[in-house]
Amino acid sequence: MKFRKIKKTGEEVSILGFGCMRFPQKDGQIDEVKSTKQLRYAIDNGLNYVDTAKIYHGGKSEPFLGRALKDGYREKIKLATKISPWLVKEKEGMQKHFDEQLKDLQTDYVDYYLVHALNRSSWDKMKSFDILEFLDKLLTEGKIKYAGFSFHGNIEVFKEIIDSYDWTFCQIQFNFLDEKYQAGLEGYHYAIERDISVIAMEPLRGGKLAVEPPKKVKELYKNTGSEWTSVEWALRWVWNFPGIVTLLSGMTEDEHIEENLRIASSAEIDVFSEEQLNTVKKVADTYKDLLQVGCTGCMYCLPCPYDVSIPGCFEHFNSKFLYDDDKYYKSYKSFIGDRGKASNCVECGVCVPKCPHGINIPEELKRVAAEFDVRPDWDQK
Ligand code: SF4
Ligand code: SF4
């Protein structure tokens, strides 16, 4: 495992962080035995940054971590979690939210505490609750070690937030498909020029860059003569940036952990050649041509009161175009089912403000429905 230093504190964090929103599941719940084993295995192999949030796994991620990090594992890691603006209804609610987190996590303090998924409206809301004074109070009391924020708004808001406080770190969506999306590369530079360390989330764009690449992308990678996997290209590209201290990977399978640990043991800064950077650019352009909806599968939009399987619909829709393969009609039918299909959307709009990527969910679902639900074989048994 390689480590990098947080600029303002000199604290070393592993370049691979464990994102705790995609643990393996069993019967609709976190598979605690498997997830504990995986998490501890990663920690035993050098990973020391674990990132969760109150809302992950429908509120089950933090209590699970409280149990999984027993037996001395809490002391081995830097624990990161977040205050969720959409769960806090009034100023006084912030302390209650935080106290619940400490209790669930079975700890006396949080190492890295973030204001979660900020954008224009959530930033304005949290400012009206005096969030910055609240962070100062937690820092003074020793309840948190460092303050930061995660971000899903536009670049102007990002700069405004950066300039508003003495942040130690920030967390942005960072992968080669999103150089110009949200904070993007411009935000990355803006932060590091102010000595604010950057943590990368969605390095594999919600897993899109981890699954088998489309034919055209495979060709581009093959032409380089390199044996890197598609995951390797995507992660090494992120780690190539000197200001990225760690990246968060939501690892569900044992093989994901093995592969990520392997790559993290040899990733370096500023090592991509011109040719490699060009390849990545062509790969990104190819994905952008093929992907229909910028959904990362984060599930923040769920539950839909009408049971529409929003991320599942987008996942199948994107895959159909990425691979130009009819099999996604069939898997849409069997995995999404009549209950979760796109045409069940009544456009109530409940999901729209919850999407950190600003996707117009009902409009995009109409495109999914037009592609899948009107197929004559939908009703065939
Ligand atoms: S707009 Fe459609 S998908 Fe969104 S919550 Fe309402 S019914 Fe569900
Ligand atoms: S539609 Fe938006 S909120 Fe829902 S899973 Fe996709 S990215 Fe996340």
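Residues numbered from 1 in each chain as written. Chains lettered and ligands numbered in written order. Predicted model: local features only at pLDDT ≥ 70, side-chain atom pairs only at ≥ 80, totals over all residues. Heavy atoms only, no water.

(A) Region of interest: the packing of aromatic side chains. Counted by the stated rule, this structure contains 27 aromatic pairs. With a centroid separation of 4.9 Å and 75° between ring planes, the pair formed by phenylalanine 23 and phenylalanine 64 is classed as edge-to-face. One end of the pair, phenylalanine 23, is in the loop between β3 (16-19) and β4 (25-26); the other, phenylalanine 64, is in helix α2 (residues 61-68), and 41 residues separate them in sequence. Exposure class is identical for phenylalanine 23 and phenylalanine 64. Each is buried. Taken together, the aromatic side chains of Phe149, Phe151, Phe158, Tyr165 and Trp167 make up a single cluster linked through ring pairs. Between arginine 74 and the ring centre of tyrosine 109, over which it is positioned, the NZ or CZ distance is 4.5 Å. Its guanidinium or amino end placed over the ring of tyrosine 190, arginine 194 lies 3.5 Å from that ring's centre, counting from NZ or CZ. (Phe/Tyr/Trp six-rings, centres within 6.5 Å; stacked < 30°, edge-to-face > 60°. Helix = DSSP H or I, 4+ residues; strand = E, 2+ residues; numbered from the N terminus. Buried < 20%, exposed > 50% of the residue type's maximum accessible area, 1.4 Å probe, protein only. Lys NZ or Arg CZ within 6 Å of the ring centre and 35° of its normal.)

(B) Quick look at the sheet that holds strand β12 (residues 244-249). Read around the closed barrel, eight strands run β3-β6-β7-β8-β9-β10-β11-β12, paired in parallel fashion. Taken over all neighbouring pairs, the strand axes of this sheet differ in orientation by 25° on average, direction set aside. Sheet topology places strand β11 (residues 197-201) next to β12; three bridges connect them, and they run parallel. Counterpart to alanine 200 in the pairing with β12 is leucine 247. (Pairing = 2+ DSSP bridges. Axes fitted to C-alpha atoms, helices over the stretch in contact; angles between N-to-C directions.)

(C) Looking closely at the pairing of β11. For β11, the buried fraction is high: five of the five residues fall into the buried class. Because side chains alternate across β11, one face comprises the buried residues Ser197, Ile199 and Met201, and the other comprises Val198 and Ala200, equally buried. Where strand β10 (residues 169-173) meets β11, five bridges bridge the pair, whose relative direction is parallel. Bridge assignment links glutamine 173 to a residue of β11, and that residue is methionine 201. In the classification by handedness, the crossover that spans β10, the intervening helix α8 (residues 184-192) and the parallel β11 is right-handed. (Right-handed = clockwise from strand over helix to strand, strands pointing away.)

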